[in-house]
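# Understanding the architecture of this molecule
Next come the chains, spelled out residue by residue.
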Amino acid sequence: MRKSLFTTLMMLLALLASSVVWAQDDPEIEKKKDQIEQLGEQMKQLGKLIDSLSNEIEGEVEEAPEVNEEKIEIKIDRDDKGKLTNMYSLVYLGPTFVIDNEASDAEVPDFSAFRSWSGQLGFTFVTRFGPQSPVGIEYGMVYQFTELDNREDYIIAENSEGLWKYTKDGNDYKQSELYAHYLTIPLAIRFNDRNNDKFSVSIGGFAGLRLGGTQEVKYEDDNDGKIFQRQRTDFGLPDFNYGLSFGIGSNHVQWYSTYQMNNFFDSDEVYDWNVITTGLKLTF
């Protein structure tokens, strides 16, 4: 635009100059020259005005307002509590209690409370039904032992009929312990609070495969020598065990109890015992 205006003005000056040449014989040529000079000065001022207007127009175009583009970010808050499945190590220890259903008239040792113990060691998973669901399934694989420790001079031995029975053989036993070892799979429904860490309740059960049995005894012989014996066999224990479980507490600490529904021994001809354990379960 500025160039076209300036070109037009230059053409006007050329026309005026030619008119001066054509009017050389005009007596008023001096007067016309003065008018042309004045017109030239006015044209210069007009050119400066055009330049300033052109610069202002270009500046407005270059300094156009910036478009404020707002970035929309979608954040999804996902921490450890948001995981559907979490894995924990498990440690459990508690006393063992025997319920005698009196299957026969066989002698029963005194299994004192807080002398016989049971324990578990393994790992467990908790899978919730949704990211914010307080309900889930707890399962895993656990080594479990159950100890029966009597304060009397009884040991368990196999009789002539192939049945295992507690008897006395005349020795004064300072220790007589029977251990049942199982590999168990716990399975339970778990209810947690909304934060999944302050309160939890689990209700379910377990099933296990027998790994073996152990009996440990300590006594003194006639020469006051201390003798320790360890015997490993099945001791008439069942190949499988199963039962119910219940736990209440927090996500990592629970008061946990189990009830073995099947007989502690494979045969109920001599003993028909159910075993209850209760204690503290830690998961971390």
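Look above for the structure.
What comes next concerns the included structure. Small disclaimer: the values here were computed from a predicted structure and weren't measured.

### Here's the deal with the pairing of strand E7 (residues 200-220)
Consecutive residues of a regular strand have side chains that alternate between opposite faces of the sheet. Where burial is concerned, most of E7 is hidden: 15 out of the 21 residues are buried. In terms of strand pairing, strand E6 (residues 173-192) meets E7 through 19 bridges, oriented antiparallel. Bridge assignment links His181 to a residue of E7, and that residue is Gly212. Bridge analysis of E7 against strand E8 (residues 226-233) gives eight bridges, and the strand direction is antiparallel. Within E8, the residue paired with Gln215 across the bridge is Gln231. Taken together, E7 and the strand that follows it, E8, pair antiparallel across an intervening segment of five residues, in which Asp224 is found at a positive phi of about 60°.

### Here's the deal with the nonpolar core
Judged by nonpolar contacts, the single largest core of 19 residues is most densely connected at Tyr166, Phe264, Phe265 and Trp273. Residue assignment for this core shows that the elements contributing at least two residues are strand E5 (164-167), E6 and strand E11 (273-283). Of the residues forming this core, the biggest block, three residues, is contributed by E6. The residues contacting Phe264, other than those within four sequence positions of it, are Thr146, Leu148, Leu178, Ala180, Leu237, Pro238, Trp273 and Val275.

### Here we look at the pattern of salt bridges
Under the definition given, this model contains six salt bridges. Lys174 is the partner of Asp172 in a salt bridge, and the nearest nitrogen-oxygen pair spans 3.5 Å. Judged by relative accessible area, Lys174 falls into the exposed class, the value being 51%. Of the charged contacts in the structure, one is a salt bridge between Asp239 and Arg210, with a shortest N-O distance of 2.6 Å. Taken as a pair, Asp239 in the loop between E8 and strand E9 (240-249) and Arg210 in strand E7 lie far apart in primary sequence, 29 residues in all.

### Side note on the packing of aromatic side chains
Pairs of aromatic rings are described using the distance from one ring centre to the other and the angle between the two planes. Summed over the entire model, instances satisfying the criterion amount to 17 aromatic pairs. Ring geometry for Tyr166 against Trp273: centres 6.1 Å apart, planes inclined by 25°, an arrangement best described as stacked. Of this pair, Tyr166 sits in strand E5 while Trp273 sits in strand E11, and the two are 107 residues apart along the sequence. Using a relative accessible area of 0% as the deciding quantity, one classes Trp273 as buried. Taken together, the ring pairs connect Phe111, Tyr166, Phe264, Phe265, Tyr271 and Trp273 into an aromatic cluster. Geometry around Tyr256 places Lys281 over its ring, the cationic atom sitting 4.2 Å from the centre.

Cut-off values and rules
Residues numbered from 1 in each chain as written. Predicted model: local features only at pLDDT ≥ 70, side-chain atom pairs only at ≥ 80, totals over all residues. Heavy atoms only, no water. Buried < 20%, exposed > 50% of the residue type's maximum accessible area, 1.4 Å probe, protein only. Helix = DSSP H or I, 4+ residues; strand = E, 2+ residues; numbered from the N terminus. Pairing = 2+ DSSP bridges. Core = buried A, V, L, I, M, F, W, Y, C linked by side-chain atoms within 4.5 Å. Contact = heavy atoms within 4.5 Å. Salt bridge = Lys/Arg side-chain N within 4 Å of Asp/Glu carboxyl O. Phe/Tyr/Trp six-rings, centres within 6.5 Å; stacked < 30°, edge-to-face > 60°. Lys NZ or Arg CZ within 6 Å of the ring centre and 35° of its normal.

Bear in mind that shape data such as this cannot, by itself, settle questions of function.
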